[in-house]
Each structure stands twice: as C-alpha cells, then as structure tokens.
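Spelled out, the chains give:
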Amino acid sequence: MSNIIKLKKGLNIKLLGEAEKTVVDINSDFFALKPTDFIGVFPKLMVKEGDEVKAGTVVFYDKYRQDILFSSPVSGTITEIKRGPKRLLEEIRIKANGKSEYESFQVSDPKNLSKEEITELLRKSGIWPCLRQRPYSVIANPGDDPKAIFISAFDTSPHGLDYDFIVHGKGELFQKGLDALKKLTSGKVHLNVNPQETTSRVFHKSKDVQINQFTGPHPSGNVGIQIHHVDPINKGDIVWYLNPQDVLIIGKFFTEGKYDASCMISMSGSEVLKPRYYKTIKGTSVKPILDKNVKDGEHRYISGNVLTGKKIQQEGYLGYYDYQLSVIPEGNYFEFLGWALPGLGKFSVSRSFTSWMCTSKKYSIDTNLHGGERAFVLSGEYEKVLPMDIFPVHLLKAILAEDIDLMENLGIYEVDEEDFALCEFVCTSKVNSQDIIRKGLDLMRKEMS
Amino acid sequence: MKALRKILDNIKPHVEKGGKFSKFRSTFDAFETFLFVPDHVTAKGCHIRDSNDMKRTMSVVVLAVVPAMLFGMWNVGYQHFLSIGQEAGLWENFFYGFLKILPIIIVSYVAGLGVEFIFAQIRGHEVNEGFLVSGILIPLIVPPDIPLWMVAVATIFAVIIGKEVFGGTGMNILNPALLTRAFLFFSYPTDMSGDKVWIADKADAFSGATPLGDALIGDLDKLPSVSDMFFGFIPGSVGETSTLAILIGAAILLFTGVGSFRIMISVFAGGWLTGLLMNVLAVNSYMEMDAYYHLLLGGFAFGAVFMATDPVTAAQTKRGKIIYGFLIGVVTILIRVFNPGYPEGMMLAILLLNIFSPLIDHYVVQGNIRRRLKRIKVKA
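What you are looking at is a predicted structure, and each value in this text was computed from that prediction instead of being measured. (Residues numbered from 1 in each chain as written. Chains lettered and ligands numbered in written order. Predicted model: local features only at pLDDT ≥ 70, side-chain atom pairs only at ≥ 80, totals over all residues. Heavy atoms only, no water.)

Enquirer: Summarise the overall build of chain A; cite the residues concerned and give the values.
Expert: Along chain A, the regular secondary structure elements total 11 helices and 21 strands. Over its C-alpha atoms chain A spans a radius of gyration of 22 Å, differing by no more than 12% from the 22 Å that the globule rule assigns to 449 residues. For chain A, the C-alpha atoms occupy an extent of roughly 65 × 50 × 45 Å along the three principal directions. Taking contacts inside chain A between residues at least 6 apart in sequence as the whole, the part at least 24 apart equals 70%. (Helix = DSSP H or I, 4+ residues; strand = E, 2+ residues; numbered from the N terminus. Rg over C-alpha atoms; globule rule 2.2 N^0.38 Å. Contact = heavy atoms within 4.5 Å.)

In structure tokens form, the structure reads like this:
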C-alpha cells in the first residue's frame, strides 16, 4: 500500500559543499557518549575513569527512568569523565583499544520473540535510546505501546544524508530491524520515502511496513511532518521514531548478537576540502575526520546539519543522534551598510535581495545573524515553510505566555524543534523559534507527568 | 569604511554597560547597526540565517513608497500653478512640491524617531525600524499646506499612544501613520478637510474640491476624466492621487514578498463589489457612480497598498487577511456613500478593521483548534 503525499510548503537551502558519494574508512581512537544529547535524562554513572568496557557495556543509566541504559559504542578504556558547570556530566570519553570486543547477547530471529523479549534485549544492550517518541522527542518508554513507529528514509535537510547510499546492500539487516520494530507496536511501522529520490530496493522491498511517499522541499523529510500527515498525534498518543541507520544497528544486533555501532557519517559544508562519507562508529571524535580536510579560517563545526545541529569544538565528538558533520564559516564580521546593498550573493527567501536572479546558485552561508532580534512584525513568513495545519506564531506566543491549554489546542504535541528550524531560518525578526518550542515541550512534559 | 569602523570601535566601550555614556547605548546601537550589519553570530538553534532583516524589509517598503512620493511632489506643484493659472514646467512643478513636502517629511521623521529613540533608551532595547515606514507615509496622507507643528504633535501622539504604550513596533493595535492622520482629522478639521486645503497656496477663486468631495454632493459631472484620476492629476493628499504610482509600489511589495497580496486584492475586491451593490440599490447619483471610480478616487489605492498591509495591525492568518481586507473595502465605500460628514472612508475603515483584526484571527485560529478536537472525536 502506498500513498503519495504532496507537500508544497518548505524551502531547500542551497548550500555549497555537498558530500560526494564516496566512503572513506576512518580509524578514530577516541569516542564519547554525551548525556546532554538525551533530552530529560539525568545520568547516573556505572563506570569510572580507567575502567575497561566492551561495546555494549552499560556506561550510565537514567536516574528517573532506571530501565533506560546507555552503553559504550566501542571496546576500550574510559579515559575521562568530563563535567561542566554545576558538575553537569558532559562527556564520557572512551579510548578504543582496537580489539572490537562486544558484550554478547542472544542471537535470534525477532519474528520468534515477544515484544517483551525484544524490548529487554534492546534495553540491556543499550541500543534502546535510539528509539525516541513524539511528543517531546525524548527516549521512548519501554513500557509504552506506541500507536505507530515512523522511519523517514530520506533526509531533506541541507546536505542531508543519502540513505539509499547508506543502506545499499544491507537489505537483510534492514528487514531484520524492521521485523523487530514491528513487534514493538500494536499499530503500523511506517517507512516514508520520496518517490523521486528514494530508489533503493532496500526501502521499496521492505516487508510488513506501510510505505508512504512524500514529495516536496524540506522539511518533508522530517518525521514530525510525516506523522502529521499520516497519523497525527492527538493528546495522549505516542509515536516512536528512529533513524534508518539505527534500524540497521538493531538488525545487526539480532543477527549477530552484538551492539555494533558502526555507521556512515557525512562531512559537508562550504569549508570542507573534500566533502564525502566516512565509515566509523557512533560518537566518534571529529578530529581525525577534520584533519587536513578543512580550509583555513575561522569555522563553526556542527554535529548534525546546519539547521538543527549542535555546535562542537574542533576536538569534539559527534552526537548520539547525529550522522552528519557540517563545517561552515563563522560570520563574526561587520558589514558596511549590509542591509542596504543589492546583495547579489546573499541567500534569502524573500526577493528583497537581488540574489533572486540566480536561482540555481549555491551559497556559502556563514553564521552571521544578519540583523538584530525584534518582536514579531511580519506575518505569514513561517506558514510558508511549515507544511502543517498549525498556526506557528500563535503557538509560539502561547508557549511564551505559558498557556498550557492553548498550547495543547494549537498542536504542541505534533511539533518538534526541528520542524520549526526553517521558521527560525527565515524569520526577519530573528526569533529563536526552536528554543521556544523546546521550552514549550519541556513545560508540557513537566505538566503532564 | 575602515576609518568609520575604527571611530565606532573607539566609542563603543564608553556606551557599553558601565561606561561613561551607557545611557546612550540604544542610540549608539541604532547608528552603529545602521552603518554596519553587526558581527553577531547565531548562538541558539539554526546556525545559518536568512540575510533578510527588519532594516531590509522596511527599506523595501520605503522604496515602494518612493514613486507615489515623487509623483505627489510634482502634483503639488502642478495643482498650485494650475490654480493660479500659471504655466509651469516639469521641474518647476516638482521643485515647488519638493520644497513643500520635504519639511513635512523631516518633521515627521524627527518627531517620530525622536520618540522611538527615547523609548528604546528607557527600555534598554534596540531602536525599532518600524517608524522608517510610518515616517514616510505620514507626509503622503496629509494635505500639502498642513502646518508643520500639527504634523509634529500628531506624530508624537500617534507614536506614543498608538505604539509605545503597547510595547513598540510589533505590539501596536493601530496603524501609527493612520492614527496620526486621524488625530489631525479630528483635532484640526479645518486644516484637514473641506475644499480649501488640498491645493498648496490655492488662488481663492479656483475650486479646490477633491473629486471625492464633488461626488459626495452629487456633482458627478464635475469629476475629472478616468485617466486623470488614474494617473493622479487631481487635488488630494500628497501621495494618494496617482493610482499608477501606487500600483508600481504595490508591484515592488508583492514581488519582494513584503506586502500581502491577499490583503491588497481583497480590499480592492471588497470596495468594487460594494460599489456594484450601491449601483444596484442606487437612489442618488453618487450611488449610481461606476463602481471602479471608487477604487481610483481618494485614498483607496494608497490605503489598500500601504496602510491595510501593515503586517502588525492587519490580520495575521491567511483566511483572516482575506476577511480583513474585504471588510476594509466594504466599510470604506459604506462610509463614503452614506456618511455626509466626511467624503473619505478609507482611514476610518482601516482603523476600525485594525481593531477587529485580532478578533478575526481569533475565529480563524478557533477553526484550527476545532479541527484538531474533531480528529480526536472521530477516532474515539
């Protein structure tokens, strides 16, 4: 069964430095787990500096949901437990020993296992955190029965990953992962593809899932937008979602009985010399990847894409949910009368700059804010890039006013930060919409618990 | 440029918090950001942002107003020399009008921006760009002979009571430029209405009635030709006469995506359809006037393009914009035709709908909420 959902609203930001489809093996010695990647998690450590761990050894768990465990992606030694202000646990750094030792788990076909058995295995191996839930985008609750599980097999964000390329030749693992997921919900597993972009047979031949087709610009590849159009979240509903690479990890886990966190990541951006894909392991240090592959100058290194990623240092680590490293120029310069110039090389959705004449041009966009923060003035801007039946500005204002009922009525359960990333990008008033949405979701979660 | 940057960098420490002149931080900031787009980088959320900002948006609107302003200047001169029966060339007309209008523009900007700066200073905010547009609109919606002190008083009133008390640009309920005009209109009616004020230094013998005034008393045969009304060779407020110049501005606003086409089109549609309805129900000669005349006369086009589209005071939802615009058109014609007191209804119609736009939006948003609730019920 296949539905085509055509979305018109949105925006594809044309950036320079898209990753070439070539893969390089990268041997990184250092890896890290960053508890700050997991929203609402209060980490309780199970290891200390100097401990030896295997891939799949539990490193910490959540104080408030003790059944959620987090494990090491590699085998090696815990070298440093880095804390930030107020002793906030920032990074657990692991030096790989290069032996690839794994904690071993039961090998079995998920088709023959019950929901409880699958949950237990994924939980104990520390793979579970890759499953997240909407609303709130927090790690799924193992005891819940989600009404559906969503997987978006295409990434429309700037320099988004090509999942066709990533899953190529891994059809069996992918199907096995889907089989396991199928058991976790009493509803459907939705696999969302783009009829033009998605060509891989791995996706099209997937069994026991509902394949939905989406066309349109970013954010049509966002799972939140897809849920909104296929099976919208009402109050009390729970939907789980995960990345296709995590489906592969789950597939491998049930095939080989080990937590193999190998994955492909991309490095892209206008400041990268050779933008391409790398084969590595989750949470890798970005240092060896950046080595001799970025241009000179001051850059911003982002774990994730340029719209939703997190800023990291040059010696930092990729986030748990990030399979992308973006490098763009910092924009900390003054521009003389910049607002008045014709602006031929400036990217804008509005046609107030002369750059509207070059439709196919790709841009190197830096981190300059291009103006000061203002109150909401223009209307209708956000609506053009948010393909949802939601009034974005009204919702943001409800959040700012902390009006719980109104937030609920205006659809807070259906949105996530990443869905508002484009709103934030186009905003003339430079409002930090993603931050506001996160605050709204956190407030809602607190109220509901 | 570098020298200028150096000067600014030298002053900066003094106006920053703890500096000697920290009281003038907002003022300095306004000038600095005017000269240089600041070096601020993204700290939260998106790492990249659109190049568009409030300054750019507002300057696009100012640019869109320019054709109407230039034509208005010329027309002020043209009407003056016509009334005294003197022949004058293009430049003579223009310079006469230029010298009449420039002081009004300066007064409007100085008064309005002065208030903006003071309030930004008190609040410790950055100075908002909103008044850049209001400041150029105000001179275009007043008669050319308006005493300057009235402009100053009215502008200060409108900016304080219309905008700053609500929290500044983005929070206001009424369009500040129109509020200025409304203040003038009700406080100094002799300088704002009647047959005497619309031509600068008019010869007494010459009839200075606007076509709208003629129409109101039923003198339809005195109306100028359609082309005169379209191109704007008629007496009236400075910027409102030329529908053509205004349409050029509309094209700029629509092309850049700054103005809402929904509002513009629905205002015209509302006005025209109500005009047609008047034709059907006609009991006097004004009601029999061709419906499209209404769109060419008075401030209709100017209001539809530059006033009704103010994003802050207009309705903000798509459907709301259409209702809002349509009602402006309707109410304008109703006031024009049925109110013997004032010939023009555009200003009052827009101000009235400014007040109603949150209500219109409220019902549109309620519709969205009901759809969401219905979804649950269907499922249950």
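Past the structure itself, the notes keep going.
Enquirer: Could you give me a rundown of helix H7 (residues 176-187) of chain B, with the residues and numbers involved?
Expert: Three- or four-residue spacings in an α-helix give side chains the same orientation, since the helix completes a turn every 3.6 residues. Residue and element names in this part refer to chain B. Compared with the 16 Å implied by 1.5 Å per residue over 12 residues, the 16 Å span of H7 between its first and last C-alpha is a close match. Summarising burial for H7: 10 of the 12 residues are buried, a large majority. Along H7, the positions that sit buried rather than exposed are Pro176, Ala177, Leu178, Leu179, Thr180, Arg181, Ala182, Phe183, Leu184 and Phe185. For H7, the N-terminal cap is asparagine 175; the gap from its side-chain oxygen to the backbone nitrogen of alanine 177 is 3.0 Å. (Expected span 1.5 Å × (residues − 1). Buried < 20%, exposed > 50% of the residue type's maximum accessible area, 1.4 Å probe, protein only. Polar contact = N/O pair within 3.5 Å; in protein donor to acceptor, adjacent residues only side chain to side chain.)

Enquirer: Talk me through the environment of Gly232(B); I want residue IDs and the actual numbers.
Expert: Residues and elements named next belong to chain B. Within the fold, glycine 232 resides in the loop between helix H10 (226-231) and helix H11 (243-256). A relative accessible area of 0% places glycine 232 in the buried class. Considering only alpha carbons, one finds glycine 232 and glycine 303, 71 residues apart in sequence, at a separation of 15 Å. Those residues within four positions of glycine 232 in sequence are excluded, and the remaining contacts are Phe71, Asn75, Ser227, Thr241 and Ser242.

Enquirer: Quick rundown of the pairing of strand E15 (residues 239-242) of chain A? Include the residues and the values.
Expert: Residues and elements named next belong to chain A. Across the two faces of E15 the burial is the same, with Val239 and Tyr241 and Trp240 and Leu242 all buried. Bridge analysis of strand E10 (residues 132-134) against E15 gives three bridges, and the strand direction is antiparallel. Counterpart to arginine 134 in the pairing with E15 is valine 239. (Pairing = 2+ DSSP bridges.)

Enquirer: Tell me about the pattern of salt bridges, residues and numbers included.
Expert: Taken as a whole, this structure holds 35 salt bridges over all chains when the rule is applied. As a salt-bridge pair, Arg134(A) and Asp419(A) come within 3.9 Å of each other at their nearest N and O atoms. Taken as a pair, Arg134(A) in strand E10 and Asp419(A) in the loop between helix H9 (404-409) and helix H10 (421-426) lie far apart in primary sequence, 285 residues in all. Note on Arg134(A): relative accessible area 1%, which makes it buried. Linking Asp145(B) and Lys100(B) is a salt bridge whose minimum nitrogen-to-oxygen distance equals 3.1 Å. You can see Asp145(B) sitting in the loop between helix H5 (130-140) and helix H6 (148-163) and its partner Lys100(B) sitting in helix H4 (residues 90-123), a full 45 residues away along the chain. Taking the relative accessible area as the measure of exposure, Asp145(B) reaches 31% and is therefore partly exposed. One connected set of salt bridges, linked through shared partners, spans Arg134(A), Asp416(A), Glu418(A) and Asp419(A). (Salt bridge = Lys/Arg side-chain N within 4 Å of Asp/Glu carboxyl O.)

Enquirer: For the interface of chain A and chain B, give the residues involved together with the corresponding values.
Expert: Counting residues at the interface gives 78 residues for chain A, matched by 61 residues for chain B. Of the roughly 6000 Å² buried between chain A and chain B on both sides combined, carbon and sulfur atoms contribute 56%. Considering only the surface of chain A that becomes buried against chain B, Phe334(A), Trp339(A) and Arg374(A) emerge as the three largest contributors, covering 16% of it. The interface formed by chain A and chain B holds six salt bridges in total. In this structure, Asp435(A) and Lys44(B) form a salt bridge, with 3.2 Å as the shortest nitrogen-oxygen distance. (Buried area = accessible area lost by both parts, 1.4 Å probe.)

Enquirer: Describe in detail the sheet that holds strand E3 (residues 30-33) of chain A, supporting the description with residues and values.
Expert: Residues and elements named next belong to chain A. Reading across from one edge, E3-E9-E8-E5 is the order of the four strands in this open sheet, with antiparallel pairing throughout. In this open sheet, the two edge strands, each paired with only one partner strand, are E3 and strand E5 (52-53). For E5 and strand E8 (residues 76-83), the ladder comprises two bridges, and the chain directions are antiparallel. Bridged to valine 53 within E8 is glycine 76.

Enquirer: Please provide a residue-by-residue account of the pairing of strand E6 (residues 58-62) of chain A, values included.
Expert: Residue and element names in this part refer to chain A. Of all five residues in E6, five are buried; the element is thus mostly enclosed. As defined by bridge partners, strand E4 (residues 43-45) adjoins E6 across three bridges and the pair is classed as antiparallel. Its bridge partner lying in E6, lysine 44 is registered against tyrosine 61. Hairpin connection, E6 to strand E7 (residues 69-71): the antiparallel pair is bridged by six residues.

Enquirer: Before we move on, can you summarise the nonpolar core with the specific residues and values?
Expert: Ranked by internal contacts, the top residues of the largest apolar core, which has 93 residues, are Phe302(B), Phe306(B), Tyr324(B) and Ile328(B). With 13 residues, helix H3 (residues 54-83) of chain B is the largest single contributor of residues to this core. Built from parts of two domains, this core gets at least three residues from each of domain 2 (66-208) and domain 3 (260-380) of chain B. In this view, Phe306(B) contacts Ala64(B), Val65(B), Leu137(B), Ile246(B), Gly249(B) and Leu253(B); residues no more than four positions away in its chain are not counted. Core analysis: the second largest hydrophobic core is formed by 79 residues, Leu33(A), Val209(A), Ile211(A) and Ile250(A) among them. (Core = buried A, V, L, I, M, F, W, Y, C linked by side-chain atoms within 4.5 Å. Domains from an automatic or database assignment.)

Enquirer: Got a sec to walk through the side chain of Asp419(A)? Specific residues and values, please.
Expert: By relative accessible area, Asp419(A) is classed as buried at 0%. Each residue touching Asp419(A), except ones within four places of it in the same chain, is listed here: Arg134(A), Asn222(A), Gly224(A), Ile225(A), Leu386(A), Met388(A) and Glu414(A).

Enquirer: So what's going on with H3(B)? Residues and values would help.
Expert: All names here are of chain B. Helix length check: H3 (30 residues) gives 42 Å between terminal C-alpha atoms against 44 Å at 1.5 Å per residue, within 8%. Counted residue by residue, H3 has 22 buried out of 30 residues, so it is predominantly covered. At the exit of H3 stands glycine 85, carrying a positive phi of roughly 70°.

Enquirer: Go over the environment of Ile160(B), please, and point to the residues and values.
Expert: All names here are of chain B. Inspection of the secondary structure puts isoleucine 160 in helix H6. Once the C-alpha coordinates of isoleucine 160 and valine 115 are considered, the two residues, 45 residues apart in sequence, prove to be 7.2 Å apart. Dropping the residues within four chain positions of it, isoleucine 160 is found in contact with Val115, Phe119 and Val165.

Enquirer: Talk me through the domain arrangement of chain A; I want residue IDs and the actual numbers.
Expert: Residues and elements named next belong to chain A. Taken domain by domain, chain A comprises domain 1 (2-256) and domain 2 (369-448). Taking only C-alpha atoms, the centre of domain 1 and the centre of domain 2 are 26 Å apart. Between domain 1 and domain 2, the contact holds 24 residues from the first and 23 residues from the second. Across the interface of domain 1 and domain 2, roughly 2100 Å² is buried in total on both sides, 60% from carbon and sulfur atoms. Of all residues in domain 1, the largest losses of buried area upon contact with domain 2 belong to Lys9, Tyr136 and His228, amounting jointly to 31% of the total for that side.

Enquirer: With reference to specific residues and values, describe the packing of aromatic side chains.
Expert: Evaluated as defined, the whole model comprises 36 aromatic pairs over all chains. On the numbers, 6.0 Å between centres and 40° between planes, the contact of Phe347(A) with Phe425(A) is tilted. Linking Phe347(A) in the loop between strand E21 (335-336) and helix H8 (392-400) with Phe425(A) in helix H10, this pair joins segments that are 78 residues apart in sequence. Its relative accessible area of 8% is what places Phe347(A) among the buried residues. Under the relative-accessibility criterion, Phe425(A) is labelled buried at 0%. Aromatic rings pair up to connect Phe71(B), Trp74(B), Tyr78(B), Phe230(B), Phe231(B) and Phe233(B) into one cluster. Lying over the aromatic face of Tyr321(A), Arg132(A) brings its terminal NZ or CZ to 3.6 Å of the ring centre. Lying over the aromatic face of Tyr241(A), Arg134(A) brings its terminal NZ or CZ to 4.5 Å of the ring centre. (Phe/Tyr/Trp six-rings, centres within 6.5 Å; stacked < 30°, edge-to-face > 60°. Lys NZ or Arg CZ within 6 Å of the ring centre and 35° of its normal.)

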